[in-house]
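Examining the three-dimensional arrangement
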Amino acid sequence: MAHSSSEISDIVTISIGIASIIPSSEAKPKDLIHLADTSLYTSKTKGRNTISTP
């Protein structure tokens, strides 16, 4: 898809951060969110248009 008004890229790209945890009494939802967020920013740092896992 064309994205001519972007200063970064002429096309739309996607960066994805994937994370999972094994449920336990110690695990909290924010732990999973933190892992996914960290993975997302890893993808963006790699140059965008990538998928990253912890």
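Residues numbered from 1 in each chain as written. Predicted model: local features only at pLDDT ≥ 70, side-chain atom pairs only at ≥ 80, totals over all residues. Heavy atoms only, no water.

**Observations concerning helix H1 (residues 29-45)**
Compared with the 24 Å implied by 1.5 Å per residue over 17 residues, the 25 Å span of H1 between its first and last C-alpha is a close match. Positive backbone phi, at 115°, marks Gly47, one or two positions downstream of H1. (Helix = DSSP H or I, 4+ residues; strand = E, 2+ residues; numbered from the N terminus. Expected span 1.5 Å × (residues − 1).)

**Regarding the side chain of Ser15**
One can find Ser15 in the segment before strand E1 (16-17). At 3.3 Å, the side chain of Ser15 forms a polar contact with the backbone nitrogen of Asn49. Aside from chain neighbours lying at most four places away, what touches Ser15 is Leu40, Ser43, Lys44, Arg48, Asn49 and Thr50. (Polar contact = N/O pair within 3.5 Å; in protein donor to acceptor, adjacent residues only side chain to side chain. Contact = heavy atoms within 4.5 Å.)

Keep in mind that these numbers describe shape and distance, not what the molecule does.
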